Structures are given as structure tokens and as C-alpha cells.
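The chain contents come next:
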Amino acid sequence: MSNNPQEQSHIPTSKVQRASKFIGTGAKVGGNYIKHYAKKMVNPSLSKDELHASNAEDIYASLSELKGSALKVAQMMSMDKNVLPGAYQDKFMMAQYSAPPLSYPLVVRNFQKSFGATPDKLFDTFTTSAVNAASIGQVHKATKDGKIFAVKVQYPGVADSVSSDLKMVRPFAYRLLNMNARELDHYMEEVEGKLLEETDYKLEVQRSEEISQACSHIPNLNFPKYYPQLSSEKIITMDWLDGVHLKEWLKTDPSQEERNKIGQALWEFYHHQIHNLKKVHADPHPGNFIIQDGVTLAVIDFGCVKVIPEDFYQGYFSLLRKDVLLNEAELDRLFRAQEFISDQDTTAEQVYFKSVFKEMISLLGKPFHTTEFDFADDAYFSQLYALGERVSKDKMFRNSRQARGSRHGLFINRTYFGLYSILNQLRARIHTTKPDWFI
């Protein structure tokens, strides 16, 4: 693990302990603001860079000690360049695969609760230190009968603290996400539901097996085999897959052909899930993938899966068809179905929000409007980020009496932003496959 973070021998699990940690962090952040404004009185030209760096350090230190939902939300926010200042993004990105790990005695306790046996009784060998640690759990390497396994162990108390953690993280979310209360409330229920699912490792094994089997025909894509008999609600055992994360792979200076190969596998993986399975791996951050010898993309985590309702699917993807933007009556119907506008809006509000969402859809749908798309086009991503930043600061959105967009769109949008971001990092040129009805 990068930076060799120090192991934790204790995780606050009670509501009181976790609330106290949040309150203490809030006090530190408040103190950072006081220091900042005191310095600004002396130096009016002082930027907020130092303030953001101090706050990011204090918030991440607290969340990484608590782990669970609060740290997961930080990880989610780190994926979008529009959501956070750079200092927060850099710090929160560590939650993807290098959070401080649990000490071995806590891991042993988890095994005893799940199997009534310690890891050394179930496996021939088992690393006492985690080889990878994220927001919900950490991974150990084990062997049994000549096979090598990756064993994911969930942190104690994570499932029980989802709801209370999300309530406590709201003050940070209001400020960092630049959302109004109506928007945050609208989406928090969806986030809470997904986080609770992520703590159900039996469900994750089931979905992992279903999706990996359904996508096994896709070229240059690989999945581990899962072992339900060595898994439980808090522990998952799967094949150990050798490989490197995207960042390390890119440092080897792969050819354009190799970049395209990995990118195409990623595109087709998401295309098949969304348009054929109607359920999708909705957590496309680099920590969930590795690249193996032979230029193969391996998917190593299925914690977050979004099941896509049929009516939402039809409306959402109909909007991406180029001809829809030319048909005002159809566009109006779809905008209402997707909750972008409603009867509560004034005529002026409807006109305004329709114009902004038309611009968004036109831009987001661009890769779908051509047979090939070059995700190395930084001008395109600059447009995306500029639009996102403009909307995040838009008074009409912030003062809106209602949230804009179906809650189902939260994880679908997140999926596409994550997918586009990884393809941009790959500098990949992709053949953009689409469902037959889309043409």
C-alpha cells in the first residue's frame, strides 16, 4: 500500500463515539476558517489554498479513522473534478485503495464471528497485514491447497452506522457539494440504499457471479472466481488476480493500441451491463480494476451495483438520441418523466432549466453520436468540467424549490462520468457501440 498507512487497532462503532469524532472534526474545520480569515485581514489577497489543504487533511484523517459510509462518500466525491477543490480531491482519492488498514486482531475477530474459526484454520497461509484497504473493507492475500485467494474483510460496525453516518456527514456535504437541502435530501435516500447493499457481502458475491458470467464473452476482460463457501455477510473470498492499477500501468508507457484495447473492453463491459442486463457496476473508479499481462482488464470489485428500472432506462437513453433535441414536444415529455422540470415550475423556470439540460445532454451524448470517439480530446473534457462548474454555482439550481433529475440518475450519471474519466486517462480511441434501438 502506498505511504504504508499506520494500522488501526480500534474503530469507533457506537453512535456516540462516531458523533464525537465528527464534532471534533467540525471544530477543527471551524478553527481553520478562523485562522484563514485572521490571516486574510493582514493579507487581503490570500487565497483559500492553505485553508482547503488544512480542511482536507483534517476531514480525511477523521473519515479514514471512522471508515464506512462517511469515507465512501468522500471517495465518491473525489471522482468528479467539479465537486471538490483540488486539495480535497487529492486527499479523498486515497480512500479508493490506500486507507489506513485494520490491525490483525480485529480481522481475526471478524472471522470468528463469521465462521467460528480464525483465518489460519480456514487457509494454509493468510497475510496478517492488509495488501489493500479502502472505505468499506480491506483485502488480505491467502493460500489454500495450492490456490491463491484475495480475501476481503469488512470493517466492524460499517453496516450498522450507514444511516447515522450519512446524517452526520450532511454539514460537510452541503458545503463541499454546493447543493441545496432539497437536492441533498432527494439523493441521500438513493446513496443510503446503495451503501447498505455494499455492506451485504453475500449480495455482492451473488451479483459478482451473475455479472461476470454474463460478461464473460467480452474480449480482453477478466473476472475472479468467487467462493461462497469461504464467504459470509462480512467476508468475501475470490481468486487472487495479478496485475497493476491503471496509474502504475500508464507509467509503463503502453502503446496507443494497448490503450485502445483496454478502453474498448471497458466500454463494452458497461454497454452490455446497461443496455442488456439493466444492472451495472456503478462504481467505476480506478481502484476497482487492474490491468493484467496480455493487455487484459480485470474487474475486482462489485460492491456497488445499480439495478436500472425499465421506465427510467427508456427515458434516460432516449434523451441521448440526437434527433430528440429537435423535437420539443417529445423533449418536454421526457424532461418531465426524468424530473428535470415539473408543474411546480414557472414558465420562465421551465424555459431556463430546459435550455441548461439540453446543453448537458448534447455534451454528454457526444460519444454516442459518432461511430468512434477519441477520449484523449481534452477540449471536450474542458467543456464538460466548465459546464459542471457553471451549474454547481448557478443560483437558479441552488435556489430551486425541488431537486432536478430522477434519483435513479444519480448512479447512472456517476457511472458515465467515471467511465469517461478512466477513458480520458487511458487516452483511448473507442468504437462506441450502442443499442440497436438507439440508431
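Above this text you will find the structure in question.
On a predicted model such as this, the values are computed, not experimentally measured, just so you know.

What counts and what doesn't
- Positions within a chain are numbered from 1, following the residues in the order the chain's sequence is written.
- Confidence filtering applies because this is a predicted model: local features only for residues at pLDDT of at least 70, side-chain atom pairs given and counted only at 80 or more, and all residues used for totals across whole chains, interfaces and linings.
- Processing note: side-chain calculations cover all non-hydrogen atoms of the structure and skip hydrogens and water entirely.
- Salt-bridge detection follows one rule: a side-chain nitrogen of Lys or Arg within 4 Å of a carboxyl oxygen of Asp or Glu.
- Counting from the N terminus, the helices are DSSP H or I runs at least four residues long and the strands are E runs at least two residues long.
- Burial classes: relative accessible area under 20% of the type maximum marks a residue as buried, over 50% as exposed, and values in between as partly exposed (1.4 Å probe, protein chains only).
- We call a set of buried Ala, Val, Leu, Ile, Met, Phe, Trp, Tyr and Cys residues a nonpolar core when their side-chain atoms join them within 4.5 Å.
- In what follows, a contact means two residues having at least one pair of non-hydrogen atoms within 4.5 Å.
- Any two strands between which DSSP finds at least two bridges are classified as paired.
- Axis geometry follows a simple rule: fit a line to the C-alpha atoms, using only the stretch in contact for helices, then measure angles between N-to-C directions, giving values from 0 to 180 degrees.
- Orientation labels follow simple angle bins: below 35 degrees gives roughly parallel, above 145 gives roughly antiparallel, 65 to 115 gives roughly perpendicular, and whatever is left gives oblique.
- Just so you know the grouping, Ala, Val, Leu, Ile, Met, Phe, Trp, Tyr, Cys and Pro go in nonpolar, Asp, Glu, Lys and Arg go in charged, and all remaining residues, Gly too, go in polar.

**Q** Honestly, the pattern of salt bridges in this entry has me stumped. Any pointers?
**A** If charged atoms from side chains of opposite charge come close, those side chains can pair. Under the counting rule described, the total for this entry stands at 20 salt bridges. Asp345 is paired through a salt bridge with Arg404; the nearest N and O atoms lie 2.7 Å apart. Of this pair, Asp345 sits in the loop between helix H13 (328-337) and helix H14 (347-364) while Arg404 sits in the loop between helix H16 (395-398) and helix H17 (409-426), and the two are 59 residues apart along the sequence. Arg404 carries the same exposure label as Asp345, and that label is buried. A network of salt bridges, in which partner residues are shared, links Glu328, Asp332, Arg336, Asp343, Lys354 and Lys358.

**Q** Help me understand the nonpolar core in this model?
**A** As a rule of thumb, nonpolar side chains are buried together in soluble globular proteins. One finds Phe269 and Tyr420 to be the most contacted residues of the largest nonpolar core, which totals 90 residues. Considering every element that reaches this core, the biggest residue donor is H17, with 8 residues. If sequence neighbours within four positions are ignored, Phe269 has contacts with Ile211, Cys215, Ile218, Leu221, Phe223, His281, Phe289, Val299 and Phe302. Of all hydrophobic cores here, the second largest spans 6 residues; its members include Val169, Met188, Val191 and Leu195.

**Q** Help me understand unusual backbone geometry, please; the structure alone is not making it clear to me.
**A** If a residue is not glycine, its phi is most likely negative; likewise, a peptide bond is most likely trans. Of note in the backbone geometry, Asp145 takes a positive phi value of approximately 55° without being a glycine. Examined against the element boundaries, Asp145 turns out to sit in the loop between strand E3 (137-144) and strand E4 (147-154). A positive phi angle is found at Lys278, which is not glycine, with a value near 60°. Mapped onto the secondary structure, Lys278 falls in the loop between helix H11 (256-277) and strand E7 (279-281).

**Q** Please clarify how the sheet that holds strand E5 (residues 221-222) should be interpreted in this entry.
**A** Adjacent strands of a sheet form backbone hydrogen bonds with each other and so pair up, either parallel or antiparallel. Pairing is mixed in the open sheet, where 3 strands are placed in the order E5-E9-E8. One side of each edge strand has no neighbouring strand; the edge strands of this open sheet are E5 and strand E8 (289-292). The sheet contact formed by E8 and strand E9 (residues 296-299) spans 4 bridges and is antiparallel. Counterpart to Ile290 in the pairing with E9 is Ala298.

**Q** Explain the pairing of E8 here, please?
**A** The side chains of a regular strand alternate, residue by residue, between the two faces of the sheet. Burial of the side chains of E8 extends over both faces: Phe289 and Ile291 are buried on one face and Ile290 and Gln292 on the other. The turn joining E8 and E9, which pair antiparallel and follow one another in sequence, is formed by 3 residues; a positive phi near 90° is taken by Gly294.

**Q** Would you mind going over the packing of H13 against H14 with me for this structure?
**A** Relative orientation of the contacting elements H13 and H14 amounts to 95°, with a least axis distance of 11 Å. With respect to H14, the element H13 is oriented roughly perpendicular. Taking contact as the criterion, the partners of Glu328, Leu331, Asp332, Phe335 and Arg336 in H13 are, on H14, Gln350, Lys354, Phe357, Lys358 and Ile361. Looking at side-chain class alone, the contact of H13 with H14 contains 4 nonpolar, 1 polar and 5 charged residues.

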